[in-house]
Structure formats: C-alpha cells, structure tokens
Amino acid sequence: MNICVIGTGYVGLVGAAVFAGWGNKVVGVDIDVNKIAMIKKGRMPIFEPGLPQLVKKNINEKKLTFTTNLKEGIKDAEVVFICVGTPQDKFGGADLSAVWAVAQAIGKGMKEKDPYRVIVTKSTVPVGTNEEVAAIIKAAAPKGARFDVASNPEFLREGYSIEDMQNTDRTVIGSNSSAALKKLKELYSHLKSPIVECDLRSAEMVKYASNAFLATKISFINELAQLCERAKADVSVVAAGMGFDKRIGRAFLNAGIGFGGSCFPKDVSALFKTSTDQDYDFKLLRGVMEVNDMQKDYFVSKVLRVFGDNLHGVTLACLGLAFKENTDDVRESVAIRVARVLRGHGAALRVYDPEAAATAKAVLGDNQVYYAKDEYDALKGANAICILTEWNRFRNIDLGKAKNLLTGNHIFDGRNLLVGKDAEARGFVYHAVGKWTNGSEDLNGTTRGVLLNRKGNGSKR
Ligand code: UGA
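**Q** An account of the side chain of K266 is requested, with residue identities and associated values reported.
**A** Turning to its location among the elements, K266 is positioned in helix α11 (residues 264-277). With relative accessibility at 15%, the residue K266 sits in the buried group. Non-local contacts of K266, meaning those with residues more than four positions away in its chain, are made with T86, P87, Q88 and T124.

Dropping the structure here:
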C-alpha cells in the first residue's frame, strides 16, 4: 500500500518506519528542513530504542523516503496519515493549528483525477475535529476530488513505541465511510489483536478516555500513597495485591512524583476542556489534575522537612530528568519541575540522566546545576539523593559506594525504586512514596527512625 505520513515526531516517524517494515511504500513528510535532512542521513531527531535501525533498514530497502514537499508526498498515497503535534493551548484545550494547516495543504495538493484516498488522523484530537478536517480538505480540494476521513488514534508509549505499534492491544479505526474502514482494516489485517471499528467521534474519544483513565490510575495510587504513609501501610504491596485482580491490573499503579510527558497532562486537560465546553463538570478529572500537582509538592516538602526551607549550602544529587525511563524527552517532566523548585529554594544540583542531559540542559540551564557523567559522579559530595525518574539502572545503584561518595545520608526516592530495608541497613535515612520507612514522620512529627532508636536516622542536617 502507498502511504504518506505527515509529521515526523514520535508518532509519525515511528509510524512511517513500522508501516514500511510491514511491506508498504511510505513517504514521510515534515516542514522542518533540518529534521528531514537529519533523518535522511540516518540520524534520529528523538531517542527511541530500535528506531534508527528500522528507519535505516527501510530507507536502504527503498520502502521509506522522506521529503519536505507535502504535495510530492501525497501524490501516490492511498492513505495519508496526519501525525502532527497538538500541544496544549492557553485555555487548556488542544492547539489544532498544525492539523488545520495540514488539512488545508492536503486539500490543495489533491488533484481531481487522483484515485480515492483515505485521510487519517493519528494526532490526538478532540471529538469533532475530524469532521472539520473533512470540511477543510473539501473546501481546499478541487471539485470532485475523492477522499474520506478516518480517525486512527495511537497508543504508543515513548521508549517502547515500535514494540507497542507492532504488538498493539487493539487498533481503533473510526470513520463514517465503509470504504475508508475497509482500506484501514486491510493495512492492519495481519495484526492478531482486535480491531475496533466505529464512528469518527467515538474513535476520537477512545484515545482521550484511554489516556485519562491511565492518568486516573496514577493519581489514584498517588493519593492512596498519601494514605498508606499515614496509616503505615506499603503502597507497593497494596498495588501488587490489587493488581492480581484482572479487573484492576497492576500496570500504572506505581506511586511516584506524578505523571508528566507530552501526552497525559495535555490530554487530561483537553478532555476536561471538552467536557466544560459540553457544559459538563468532569469532577474526577479535576481531581486527577489536582492530585498530580500535589504529588510533586509533597516530594519537595519531604526534602524541606529535613533540610529546612532555605537550601543554600545544600547539594542535592538528582537522578533522572526525563519524564520517564527510556526516553530523552523532558516535556512536562515532573523531574525537571522538582529540580527547578529545589534550585529555587537555593539548592545546588548535581544531576544525571542516561539520555536526557542535553534536552534537560536546554530547559533547565546550568545555573546551580552540574551535569554529571554518571550516577556516582552526581553523588560526589552531595548531601542527599533525589531519585526523580524511574530508570531501571537506578534500582541497581551500589549503596555502599553511594554512601562513601555522599556527605549526607538521606535518600528521597520519588519513584520507589530502591528496597527500603537495604537502604536503611546501609545507614541511609530512606524516604519513599507511600511507605513507612525510617525517614517517615507521623502526624506527631515523630520519625520511624527515632521510634526504632536508630542512630542518625531522621536527624536534621
Ligand atoms: C502515554 C500512554 O501510555 C500511551 O498509550 C499513549 O499512546 C501516549 O501517552 C500518547 O498519548 O501518545 P507516554 O506519554 O509515552 O505514553 O508515557 P507513559 O509510559 O504512559 O507514562 C506517562 C507518565 O506517567 C510518566 O511521567 C510516568 O513516569 C508516569 N507513570 C506511569 C507513573 O507515575 N506511574 C505509573 O504507574 C505509570
């Protein structure tokens, strides 16, 4: 099948490469001249495991080409995917300007005699958008141009997107045209997972509902973590116990410092905005957003409780800057937010992220920040460790070595990566999320370390 993918960000570039890998002939289009030049040379604009190899392979096999010329890109395409960004606008909704511009350009690029085409939106767009996309294309296209629109939302996690696309749990295709549905079913026919065929609006809604529900799971477990800490229960054990119930599932029940990234915060906000526009107050989503904000402040408050509000003279080793593991993406990263707040209180930061140092530096700068070579370099001379991103390698940190490199003994584990008992046994004061550890403080201001009469635990700096 001849396919054109417009937009070469996380969704578009991965989509183009995977479609080509499935044997289709794919043209990737982007208005960013530098980006296209870079990709053509085999250099990826994003860090995504497996992507450089897949792109290179398909370019070499002549199944994947790239251009900045949209008209050229759609010329032979039977299916055109719109994969441009829909960032948050100033009202909390989705900024659809790129989608409108691409729809207009597609319309203008079509010819009356062209064969029938399906224009598919993969970008995350609010309910009703595809109907407008159809209207814009129709107005811009020559009379008689044959096309239909469809919605085919993506469910790819950054860091795992190739795997997610190849082994998706489901494919959602929405269209009001049976010809469009047929064409898309053909494209995905080799996948073993279910295909959900529906109308345009329901497909658009599935995407927001899925992200909002996952975000709700995270905020639920984060709020439960607050309760567990007070009630002296362990949120990880509770999550495991809940997770065995197939109706609940263990995924997305990891308590931490809150969710970030380019999707959850903007999609929850956009769904809330859609709901407000429809005169409905989506109370649960309001709570999801509030809890997410609170979780970051809660983490910072733990650091301030130990060191005081004024962090001048305090050096903190921050492990992790990306919004999650396996990516260099720092968009809406809670790790960056926490780092900024701690720096705002006067702390000097020694930061390390396996992939996101460069992207983080572009937004965090280097005022009071030292970018370390590895986690151990970050720890040198620091008063405490703050674990901010769930990179797997931080789980295996050598605590003995860490103890020798630090000048203090506090670990603030914002992702519950370490085994509390191990850290405590090494003489650390360990602060987790939703666990009663030797760094915990009950409502009377008594720490567990003091209760257990442990030397040095719970002490102020
Ligand atoms: C998310 C969805 O998982 C994808 O299905 C969706 O396609 C994508 O958004 C999108 O809309 O494009 P992604 O943003 O890559 O994918 O990241 P996730 O793995 O979902 O993590 C989002 C945030 O939640 C991260 O900050 C992560 O640290 C946090 N998180 C995740 C938790 O705090 N706890 C958890 O248990 C899971």
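**Q** For the domain arrangement of the protein chain, give the residues involved together with the corresponding values.
**A** One can read the domain layout of the protein chain as domain 1 (2-198) and domain 2 (289-459). Inter-centroid distance (C-alpha atoms) of domain 1 to domain 2 is 40 Å. Across the boundary between the two partners, domain 1 contributes eight residues, which contact nine residues of domain 2. Interface area for domain 1 against domain 2, summed over the two sides, is near 700 Å², with a carbon-plus-sulfur share of 40%. Per-residue buried area on domain 1 facing domain 2 is highest for F47, E158 and Y160; these three make up 72% of the total on that side. R331 is the partner of E158 in a salt bridge, and the nearest nitrogen-oxygen pair spans 3.6 Å. Its residues assigned to classes, the side of domain 1 that touches domain 2 shows five nonpolar, one polar and two charged.

**Q** Can you explain the packing of helix α9 (residues 200-231) against α11? Please cite residues and give values.
**A** In contact at an axis separation of 9 Å, α9 and α11 are set at 115° when each is read in the N-to-C sense. As summarised for this structure, α9 and α11 are arranged roughly perpendicular, according to the angle between their axes. The two elements α9 and α11 cross, and the hand of that crossing is left-handed. Contacts between α9 and α11 involve M205, K207, Y208, N211, A212, L214, A215 and I218 on the former and, on the latter, F264, D267, V268, A270 and L271. Of the residues belonging to the contact of α9 with α11, the class tally is 10 nonpolar, one polar and two charged.

Reading the values: the criteria
- Residues numbered from 1 in each chain as written.
- Predicted model: local features only at pLDDT ≥ 70, side-chain atom pairs only at ≥ 80, totals over all residues.
- Heavy atoms only, no water.
- Helix = DSSP H or I, 4+ residues; strand = E, 2+ residues; numbered from the N terminus.
- Buried < 20%, exposed > 50% of the residue type's maximum accessible area, 1.4 Å probe, protein only.
- Contact = heavy atoms within 4.5 Å.
- Domains from an automatic or database assignment.
- Buried area = accessible area lost by both parts, 1.4 Å probe.
- Salt bridge = Lys/Arg side-chain N within 4 Å of Asp/Glu carboxyl O.
- Nonpolar A, V, L, I, M, F, W, Y, C, P; charged D, E, K, R; others polar.
- Axes fitted to C-alpha atoms, helices over the stretch in contact; angles between N-to-C directions.
- Parallel < 35°, antiparallel > 145°, perpendicular 65-115°, else oblique.
- Left-handed = near helix turned anticlockwise from the far one by under 90°.

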